[in-house]
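Residue strings, one per chain:
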4 protein chains.
Amino acid sequence: MRPPSSTSEGEPPPGEAAGLFGGVFARGPVAGLVGDRAMLQAMLDAEAALARASAGAGVIPAAAAEAIAARCDARRFDVDALGRAAAAAGNPVVPLVRALAGQLPEPAAGHVHQGATSQDVLDTAAMLVARRALGPLLGDLAGAAAACARLAERHRGTVLAGRTLLQQAVPVTFGLKAAGWLVGLDETRLRLAEVRRAGLAAQLGGAAGTLAGFDGRGLEVLARFAAELGLAEPTLPWHAVRARPAALAGALGACAGVLGKVARDVALLAQNEVAEAREGGGPGLGGSSAMPHKRNPVAAVAVAACAARVPGLVATMLAAMPQEHERAAGGWHAEWEPQRELLRLVGSAAAWGRELLEELEVDADRMRANLDAAGGLPLAEAAVAALAAALGRPAARETVERASRRAAEQGRPLREVLLESPRVAGHLDAADLDRALDPAAHLGAAAALVDRALAAHAAAAHHPTEEQA
Amino acid sequence: MRPPSSTSEGEPPPGEAAGLFGGVFARGPVAGLVGDRAMLQAMLDAEAALARASAGAGVIPAAAAEAIAARCDARRFDVDALGRAAAAAGNPVVPLVRALAGQLPEPAAGHVHQGATSQDVLDTAAMLVARRALGPLLGDLAGAAAACARLAERHRGTVLAGRTLLQQAVPVTFGLKAAGWLVGLDETRLRLAEVRRAGLAAQLGGAAGTLAGFDGRGLEVLARFAAELGLAEPTLPWHAVRARPAALAGALGACAGVLGKVARDVALLAQNEVAEAREGGGPGLGGSSAMPHKRNPVAAVAVAACAARVPGLVATMLAAMPQEHERAAGGWHAEWEPQRELLRLVGSAAAWGRELLEELEVDADRMRANLDAAGGLPLAEAAVAALAAALGRPAARETVERASRRAAEQGRPLREVLLESPRVAGHLDAADLDRALDPAAHLGAAAALVDRALAAHAAAAHHPTEEQA
Amino acid sequence: MRPPSSTSEGEPPPGEAAGLFGGVFARGPVAGLVGDRAMLQAMLDAEAALARASAGAGVIPAAAAEAIAARCDARRFDVDALGRAAAAAGNPVVPLVRALAGQLPEPAAGHVHQGATSQDVLDTAAMLVARRALGPLLGDLAGAAAACARLAERHRGTVLAGRTLLQQAVPVTFGLKAAGWLVGLDETRLRLAEVRRAGLAAQLGGAAGTLAGFDGRGLEVLARFAAELGLAEPTLPWHAVRARPAALAGALGACAGVLGKVARDVALLAQNEVAEAREGGGPGLGGSSAMPHKRNPVAAVAVAACAARVPGLVATMLAAMPQEHERAAGGWHAEWEPQRELLRLVGSAAAWGRELLEELEVDADRMRANLDAAGGLPLAEAAVAALAAALGRPAARETVERASRRAAEQGRPLREVLLESPRVAGHLDAADLDRALDPAAHLGAAAALVDRALAAHAAAAHHPTEEQA
Amino acid sequence: MRPPSSTSEGEPPPGEAAGLFGGVFARGPVAGLVGDRAMLQAMLDAEAALARASAGAGVIPAAAAEAIAARCDARRFDVDALGRAAAAAGNPVVPLVRALAGQLPEPAAGHVHQGATSQDVLDTAAMLVARRALGPLLGDLAGAAAACARLAERHRGTVLAGRTLLQQAVPVTFGLKAAGWLVGLDETRLRLAEVRRAGLAAQLGGAAGTLAGFDGRGLEVLARFAAELGLAEPTLPWHAVRARPAALAGALGACAGVLGKVARDVALLAQNEVAEAREGGGPGLGGSSAMPHKRNPVAAVAVAACAARVPGLVATMLAAMPQEHERAAGGWHAEWEPQRELLRLVGSAAAWGRELLEELEVDADRMRANLDAAGGLPLAEAAVAALAAALGRPAARETVERASRRAAEQGRPLREVLLESPRVAGHLDAADLDRALDPAAHLGAAAALVDRALAAHAAAAHHPTEEQA
């Protein structure tokens, strides 16, 4: 049975629609936190915080601030009407401020948005949205990592063929494979957590970043504003210096890449001809009514699809960085949707990836059988080592290479062919050879590497990355 | 006054919401044609066409086909419920087929989707959506081109500084600048029209592309299916061979790039310090309540923002092309939203771009004044030519370069400095020099080039690219 | 034995070094045609053509033109010295013109580059390089397509499992799979050939695109210049309107995507556990000294690697399109290396892909065995059809789905489980069932589709895309 | 005069050619550290370190290790021959190992590369190359930041128009603009330094990442190997888990974006019509022989061109992350050139950017003149504030807006129009108004923000980011 996870059948949170493809791209809790409604609420939260910070600094009356803050509820506004009205000004803050002020009496109405520019509100809201979304997103990444850790531990000794260039190479363990996923997830997750902790900053500068509209108390308003919202206080307004959005995009991109790697491995392991792992499924997941024998790797496919869309969006965010002067003529606008799209896609990939890993079914017998089907060829190097003591390395290598070629051509086990070789017979008997060709004896430091990964994960777990917003 | 255009204040068509940033990114008619609801209707259109084509080929009863087709109305279905249900199967066609069949009695219910696979319906629907969106999109591009043609004609003789590396170079005409935009718009538009004409194909192959589910009449069903929908009949099913989506993406990308070029030029010309052109505005467009003196280049900014998001999406479409075997494990899914996003963004850029060009205000006096402010330096080459007859080219060049440097350093007109030079005085008097330094005499083939562009445009106009779906 | 192909062991043409990774990324003839030396020669060819065109139009003396043209040999210049000197002017044309003039007496020296701007020469040279590279590149693509056609024909009846989401679905033929590759290669190849034919244009405009430096005969010089070089004559100079480079990039991107699809399929088929195809190898190709049993899919890996680098470069070309005014402040420069890089990578992918396809070894027995190993489950739909006549479709489907589940759970053939079912037994005997479950009977229109692809290929072959520059 | 900087006229280091476009894209010291020869030396350094680490752990004889290490000099090998030979094996390590062993007697020859796989050597070498390149690259970024700090300090009080959407908005200081650049450079530089410190790790795992080829002492060899090279010791081999290359790419991408922002601002400020800043030039830099009056912003253009190429390469690195199983079939290969290309381009951008900033000429008078030319309109908000005390905010706003419109329409100073207004006259005389409209009185917290940026920079300077490799 499926354990409870952060996602409940892909249902979107109240008020945000998943959309036609939300089943794939809006899995888990993040999509509901980055939609238009969530963004609008964050914009209103920024307006409320601005009013309170301004009041705290003595720039506007406290009563006005509270009156403003009381109206800052997204349910009082019409997303689409604001969107349409945004055309005239080039952004939706202008009509939002008008609508918000329109709901207030003077003098409060006159203090709405006082001293700020549209970009202050939009940038701050985008950072708030990121902060809120990264809570559960990091939670799903941590859940995925924890699932990897369990797999690594459980399968520390499960032998399967290591594969390079999609060809069987030498034996590894499934524990080591899972440990590799684990390290990748942890490394990218910790970086993303660091971006969440220190990289997400409030934006406040006014028309051209001088804080000129705050009666000389701009710096105090800025500090209070950031504190109100739980965002970092930036050294300077960053209207046209986009290091922060770039850092967020880069960190999300790296997480997506690791999730994509896990998904690709699982999809390959789930091939009928390999069949070493398959998705746990759950009610209705991955079945095909037309083809009842199929158990589609739905989660792996969904992760792969989400991850495939991320690099282009990261490139868009980076390409938008060279923004003109104090506020840009297009580059900034180009970030609005892609930044939230990145959160949505990586959030969906993380939710799918966590489910995938928590419910992965591993077939250790099949792993061993696939390795054995190679007739011992992946152990050729081990045979060389066993013979080297007697023959010297060059002769041992030549002997084994010849036998390997013959085994491959004739489709026979290497063991058999080696035993026929007079050069081998003089030095190794069947039992010696069986020992030499035992995959479990040729796993190198696999188990110790698993331990290293688990120890690093335990250390990482102390980092507070899973908190919710 | 604003002439009627394809866009009416950015209002979205009935049933599709513009969203919070729709004012910028969903301008004009295209956004309403590529939304989830439009996509769902196209999926249903594909199911209806499949039923009719199958009936036409004698594979299913005609009555069943008509019963099916009668239910293929998006208003009968819930987009978000389908989206959520899509998680289990990995795409929304599975729940849609179930829901559609659920509204029908047997035997019609059993014939819904018969012989097809989910990708047949989704790919066909995506191509239908593209076909429908490209009608008005090409219309807006044609409108933008027509506006360029009018500007080119009207300003054939309007002299301004040609600028290279953002520095004044030599004189050009605004007509030539507009003609450059025109040629770019026409070249990319004609390619996009060609993709619409021949590149958008129906998709039908069944589970693995063999048309095995059509009782031996698969090719006939395919032909009828494509004809029903007005899409090209492909040589083969193209489930995992994505040349067609790539061609569409590439053609859209090129259009966006040219629109972005126009927008960048206009934003630069509209700078206060240049002030050679500005946007026509229209009711409320581009005003800033906080800064009443500003006329923001809203349309140029919107075009730039749309265009900046396109290259990353094209890269995503191309990167998704290497799809596995008969149907892909993620690459295909990765195309779903980006393809429609490309249409939406280029559609919005085209609508904004058309408005921008139709209403552009050109200040010919300021153009001339800015050129004159350079004190004749952009005509230095012309002065060399005038002196070369007397002094020989090398001495003429040296004389003019020395005078130019002095003029630049002292902030004086080149004319004045040249007249002081004894070497010049012996050969050219003030009137000679004025003739030599007249920008209008140094426009080369500018006017003839404008004519070439207009002629090419007239020829292009005979291509039927503006039809609506 | 390896048939002669366009590439001879990856050796670079004389004068161009492959570089440390050239074995992978500079396969075949294209790399040698797009290197720095080839680019320099093309720049000199442009200077020579300019001189001759100017002489032809009476703008400069014929003797000067011939003197100039006689020096336009790349071996007379030092690539790296020009590159270093390029820093001062921002491009290497300025020092090249100085160096070329320095090798000439007056008056020829003074006529070098007369009337042109640096971008005229660089853009024209880039187009020349593209034209020269696309000859053999299209040749390799045509060779790859021809190899696909042979595979499609030879394997028209070779049955294997169709695979969707990397799971076995229903039977297809390897001929159909190859036909899919063929159609993709042909569609993208023909588009690229069209770009070569009509899209590659000469560039000539002078400092700001007015042709002002040609004594009133600019249009004639332009026409002669393009004709000299075998490039299209553009309607206008296109210094800052980059539709042409964008079209080239898009067409190359689509070709790379299809090659990447072929490579991914082959790498998957070559997995040990699938083993349905493998690369032909050739002397030393794909062997692993450390693991003598491995036959690495070197060509598939190389194609995949080349193709993976293409989308980002196409995005760079598209993102560079919005170029300022008459000549850009960075966007143009950003195209220089990526355009040639695209040619190099797609050229290498095409050379590798052609080899891969020409030498692909197909194991029809293993294909059949892998399909049979699924125990008939991919034929479930066929069993439904066979039973539907007797039981009606719903009961038939239910019966088969139940049997399929049991077969999958118990690891037994579907045939066996079905024969145990009383519902089946009454209607079908073992022989009936064997007929129903014969994959060869459930290939739908596969053979006819192969014929369509071959016919389309034969038609395409009449297009003159294989000519060499 | 140009101060000494890290770059000496763009000359490439000995042994690496700049190439035809190196003047733009290979400025400064980095290009010479990332070329093929540098990469080959790094591969040899990895082989030498492997031998020594293996000897240190007792896996191979110390004498063999020293013999191997003594031959690890790139001058003993032929880059192009290795590159060509790489085709057979799919990478250049295989022929390099063969060539290296070929120069050694037994038993040393047999111990070359023992226990390692090609990817161990290539990945380690790529990280070494990154470490070596990032030293001077961070140095140039630090130099650029230091130059910004000097500009910020010197121009703390230099008033100019703040510009939003390329329109004059309200006054700012050039010091604040430079401080914005500074903060962006420092934030992205510190992240890159952190990647250099902790993100660049040795790679060692053997054929499938188990360290099976080191006689049970793999972990010790790994630790010694990393220490030999000054690279971090990874938790696990990361052959197919590419978090580290992704982190490097992301950090480089963010630096490029900030450099691109600086370049764009400078190019815009350098426009003839703005003329508020220009590049210092230096011997021959930015001059145009054809147009002697031009001072081209060559450095800004070069930075912009380098930066424009970065996002696509970052996307390529991210898209390559989902790599198959233990070692990838193409994704890894796709990283080889782009990773070094990123270093080269960001290195060139940093060198150009440093020069640009160190030599930037700022025209404070022109800044003030351009602001004044707006006739006081950017101070409209200040006029509102001055009148608000007397008229109340709404009436003050209305009065000023009306006056602003009139001023804009009539091209007259706002001051003049306001003084004509009876509503104003009763409350403010000319002197009051001059005080109200003094830009210097409306700079908000600009000076304090500059101080914050300088303080943050001073703190950052204590981080050891400038060390050389």
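Residues numbered from 1 in each chain as written. Chains lettered and ligands numbered in written order. Predicted model: local features only at pLDDT ≥ 70, side-chain atom pairs only at ≥ 80, totals over all residues. Heavy atoms only, no water.

Draft legend 1. Molecular detail of the pattern of salt bridges. Residue and element names in this part refer to chain D. Evaluated as defined, the whole model comprises 135 salt bridges over all chains. Residue Glu335 pairs with Arg242 through a salt bridge whose shortest N-O separation is 2.7 Å. Of this pair, Glu335 sits in the loop between α13 (310-319) and α14 (336-358) while Arg242 sits in the loop between α10 (218-229) and α11 (243-269); the two residues are 93 residues apart in sequence, bridging distant segments of the chain. With respect to class, Glu335 is no different from Arg242; both count as buried. (Salt bridge = Lys/Arg side-chain N within 4 Å of Asp/Glu carboxyl O. Helix = DSSP H or I, 4+ residues; strand = E, 2+ residues; numbered from the N terminus. Buried < 20%, exposed > 50% of the residue type's maximum accessible area, 1.4 Å probe, protein only.)

Draft legend 2. Summary view of the interface of chain B and chain D. Each partner contributes to the interface: chain B provides 34 residues, whereas chain D provides 34 residues. Together chain B and chain D conceal approximately 3,000 Å² of surface at their shared face, both sides included; 55% is due to carbon and sulfur atoms. Measuring nitrogen to oxygen at the nearest pair gives 2.8 Å for the salt bridge that ties Glu273(B) to Arg163(D). Where chain B meets chain D, there are nine residue pairs in polar contact (both at pLDDT 80 or more). Of all elements in the fold, only β1 (159-164), β2 (167-173), α11 (243-269), α16 (380-391) and α17 (393-410) of chain B reach the threshold of two or more residues within the side of chain B that touches chain D. The element best represented in the side of chain B that touches chain D is β2(B), accounting for four residues. Per-class residue counts for the side of chain B that touches chain D are 16 nonpolar, 10 polar and eight charged. (Contact = heavy atoms within 4.5 Å. Buried area = accessible area lost by both parts, 1.4 Å probe. Polar contact = N/O pair within 3.5 Å; in protein donor to acceptor, adjacent residues only side chain to side chain. Nonpolar A, V, L, I, M, F, W, Y, C, P; charged D, E, K, R; others polar.)

Draft legend 3. Highlighting the relation of the copies chain C and chain B. Relative to chain B, chain C is turned by 180° and slid 0.1 Å along the rotation axis, the superposed coordinates differing by an RMSD of 0.1 Å. Look at the turn and shift together and you get a two-fold axis relating the two. Interface overlap between copies is the fraction of interface residues in one copy that are interface residues in the other; for chain C against chain B it reaches 100%, indicating a shared surface. (Least-squares fit on C-alpha atoms with pLDDT ≥ 70 in both.)

Draft legend 4. Layout of the relation of the copies chain B and chain D. When chain B is fitted to chain D, the best match, at an RMSD of 0.1 Å, comes from turning it 180° and sliding it 0.0 Å along the axis. In this assembly, 100% of the residues forming the interface of chain B have copies in chain D that are likewise at the interface, indicating an isologous arrangement.

Draft legend 5. Highlighting the interface of chain C and chain B. The partner chain B presents 70 residues to the 70 residues of chain C that form the contact. For the pair chain C and chain B, the summed buried surface comes to about 6,000 Å²; carbon and sulfur atoms form 68% of the total. It is Leu236(C), His325(C) and Arg452(C) in chain C that bury the most area against chain B; as a group they hold 12% of the surface buried on that side. Applying the counting criterion to the chain C and chain B interface returns eight salt bridges. Between Arg244(C) and Glu187(B) there is a salt bridge; the shortest N-O distance is 3.2 Å. Counting across the interface, chain C meets chain B through 30 residue pairs in polar contact (both at pLDDT 80 or more). Elements supplying a minimum of two residues to the side of chain C that touches chain B: β1 (159-164), β2 (167-173), α9 (174-199), α10 (218-229), α11 (243-269), α13 (310-319) and α21 (446-461) of chain C. No other element matches the 13 residues that α11(C) contributes to the side of chain C that touches chain B. Of the residues belonging to the side of chain C that touches chain B, the class tally is 42 nonpolar, 15 polar and 13 charged.

Draft legend 6. Structural view of the domain arrangement of chain A. Examined at the domain level, chain A breaks down into domain 1 (6-365) and domain 2 (377-436). On a C-alpha basis, the centroid separation for the pair domain 1 of chain A and domain 2 of chain A is 55 Å. (Domains from an automatic or database assignment.)

Draft legend 7. View of unusual backbone geometry. Note the cis peptide between Glu106(A) and Pro107(A), where omega equals 5°. The backbone phi angle of His325(A) is positive, close to 45°, even though this residue is not glycine. Relative to the elements of secondary structure, His325(A) occurs in the loop between α13 (310-319) and α14 (336-358). Here the phi dihedral of Asp215(C) falls at roughly 50°; this positive angle occurs in a residue that is not glycine. Note that Asp215(C) resides in the loop between α9 and α10.

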